[in-house]
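Given next are the chains, with one letter for each unit.
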Amino acid sequence: MVLEKLNEQVEQGYLLLQAAVAEGALGDVPAAYGRARALSEMDSEALVTLARVASDFVCRLSLAVGADWTTSSDEDGNQVNIEDRSPERRVFTRRTMAAWSAGDIDTFDALLSAACADGQRRRTYLGDLFQLTVDHAEMHGQRAARPFTVVRQLNNSILKEGLKEADWHK
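Note that the structure is a prediction, hence the values are computed from the model and not measured. Position labels on residues start from 1 in each chain and follow its written sequence. Thresholds applied to this predicted model are a pLDDT of at least 70 for local features of residues and 80 or more for the giving and counting of side-chain atom pairs; totals over whole chains, interfaces and linings are not thresholded and use all residues. The side-chain quantities take in all heavy atoms of the structure and omit both hydrogens and water.

Student: Hey, could you go over the overall build of the protein for me, with residue numbers and the actual values?
Tutor: For the purposes of this entry, the term helix denotes a DSSP run of H or I that reaches at least four residues, the term strand denotes a run of E that reaches at least two, and both are numbered from the N terminus. Secondary structure assignment for the protein yields seven helices and two strands. Its helices and strands taken in sequence order, the protein reads α-α-α-β-β-α-α-α-α from the N to the C terminus. Based on C-alpha atoms, the radius of gyration is set beside the globule rule, defined as 2.2 Å times the residue count to the power 0.38. Against the 2.2 N^0.38 benchmark of 15 Å for 170 residues, the protein shows a C-alpha radius of gyration of 16 Å, consistent with a compact globule. Within the protein, the proportion of its 170 residues that are buried is 45%. Between two residues, a contact is recorded if the distance between any of their heavy atoms is within 4.5 Å. Long-range pairs, those at least 24 residues apart, make up 74% of the contacts in the protein between residues at least 6 apart in sequence. Every accessible area reported is derived by Shrake-Rupley at a probe size of 1.4 Å, with residue values counting cover from the shown protein chains alone. Approximately 8,800 Å² of the protein is accessible, and the part contributed by carbon and sulfur atoms is 51%. The average position of the 19 basic charges and that of the 26 acidic charges among the side chains of the protein differ by 3 Å. Buried means the residue's accessible area, taken with a 1.4 Å probe over protein chains only, is under 20% of the maximum for its type, while exposed means over 50%, and partly exposed covers the values in between. Here the positive residues are Lys and Arg and the negative ones are Asp and Glu; neither His nor the chain ends is included. Charged groups are reduced to one reference atom each: NZ for lysine, CZ for arginine, CG for aspartic acid, CD for glutamic acid.

Structure, rendered in structure tokens:
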């Protein structure tokens, strides 16, 4: 019964995430951000799967790997920690994406668990992660001029990181 409820929540989350990505890819960012906020209100158990899917999707569209998410170069070519100038929610998102893109699943899970343990942080931090997802969908939807290809990448992430088919009907 518990797995069945979780599956239902995750499936609803997939639909919200797909709609947010589609709207973002079409340039309707305010509507997509609304869906991102709705996603961040879901139960923690469902959010874990959805955050994995969103992170995988962003990594499919981004060239950034590991520390690229948290550092940048200044005019002189020196490495600069961009977290120093970022709000706390974006620091979480950057660290989460750095861990995911580097394959550091333990750090990713620890960051996610800490955020999910507090309702306010969960909404704020994961809302930022889902907004980053929308931002990447918008950018790549405009570049590709074929928004459906952006949604296809999200579907690939759902198949890779989502609940396994064997669990769908439990």
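After that view of the structure, there is still more to cover.
Student: Pulling in residues and values, what's your account of the packing of helix H4 (residues 88-101) against helix H6 (residues 119-144)?
Tutor: Packing of H4 against H6 leaves a shortest axis separation of 8 Å and a crossing angle of 60°. When the axes of H4 and H6 are compared, the crossing they make is right-handed. Counted together, Glu88, Arg89, Arg90, Phe92, Thr93 and Met97 of H4 and Thr124, Tyr125, Leu126, Asp128, Leu129 and Leu132 of H6 form the full contact between these two elements. In the scheme used here, Gly and all other residues not listed as nonpolar or charged are polar, with Ala, Val, Leu, Ile, Met, Phe, Trp, Tyr, Cys and Pro taken as nonpolar and Asp, Glu, Lys and Arg as charged. Of the residues contributing to the contact of H4 with H6, the split by class is six nonpolar, two polar and four charged. Note on geometry: axes are lines fitted to C-alpha atoms, helical ones only across the stretch in contact, with angles between N-to-C directions running from 0 to 180 degrees. Crossing handedness is read from the near helix: turned anticlockwise from the far helix by less than a right angle, it gives a left-handed crossing, and turned clockwise, a right-handed one.

Student: Residue-level account of the pattern of salt bridges, with values.
Tutor: A pair is scored as a salt bridge if a Lys or Arg side-chain nitrogen falls within 4 Å of a carboxyl oxygen belonging to Asp or Glu. The full count for this structure, using the stated rule, is eight salt bridges. Of the charged contacts, one joins Glu23 and Arg35 as a salt bridge, the two residues approaching to 2.8 Å between their closest N and O atoms. Here Glu23, found in helix H1 (residues 2-26), pairs with Arg35, found in helix H2 (residues 29-40); they are 12 residues apart in sequence, far enough to count as distant. A relative accessible area of 15% means that Glu23 is categorised as buried. Judged by its relative accessible area of 30%, Arg35 falls in the partly exposed class. Put simply, Asp128 and Arg90 hold a salt bridge, and the shortest N to O gap is 2.7 Å. You can see Asp128 sitting in helix H6 and its partner Arg90 sitting in helix H4, a full 38 residues away along the chain. The network of salt bridges with shared partners includes Asp56, Arg60, Lys160 and Glu161.

Student: Hey, could you go over the nonpolar core for me, with residue numbers and the actual values?
Tutor: Core analysis: the biggest nonpolar cluster contains 43 residues, and Phe57, Leu126 and Phe130 have the highest contact counts within it. Going through the elements one at a time, H1, H2, helix H3 (44-61), H4, helix H5 (105-116), H6 and helix H7 (147-161) are the ones with two or more residues in this core. If we ignore the near neighbours within four places in the chain, the residues touching Phe130 are Leu17, Ala36, Leu39, Ser40, Leu47, Leu50, Ala51 and Ala54. To define a nonpolar core, start from buried Ala, Val, Leu, Ile, Met, Phe, Trp, Tyr and Cys residues and group those joined through side-chain atoms within 4.5 Å.

Student: Outline the environment of Glu161, listing residues and values.
Tutor: Relative to the helices and strands, Glu161 is located in helix H7. Note on Glu161: relative accessible area 17%, which makes it buried. With 107 residues separating them along the chain, Glu161 and Ala54 place their C-alpha atoms 9.1 Å apart. If we ignore the near neighbours within four places in the chain, the residues touching Glu161 are Thr49, Arg52, Val53, Asp56 and Trp100. A distance of 2.9 Å separates a polar atom in the side chain of Glu161 from a polar atom in the side chain of Lys160. Two N or O atoms count as a polar contact when they lie within 3.5 Å, although within protein this holds only if one can serve as hydrogen donor and the other as acceptor, and sequence-adjacent residues are included solely when both atoms are side-chain atoms.

Student: Lay out the side chain of Glu23 with the relevant residues and their values.
Tutor: Engagement of the side chain of Glu23 in a polar contact is seen with the backbone nitrogen of Ala32, the distance being 3.4 Å. Once you skip the residues sitting within four places of it in the chain, Glu23 turns out to touch Asp28, Val29, Ala31, Ala32 and Arg35.

Shape is all these values report; function is a separate question.
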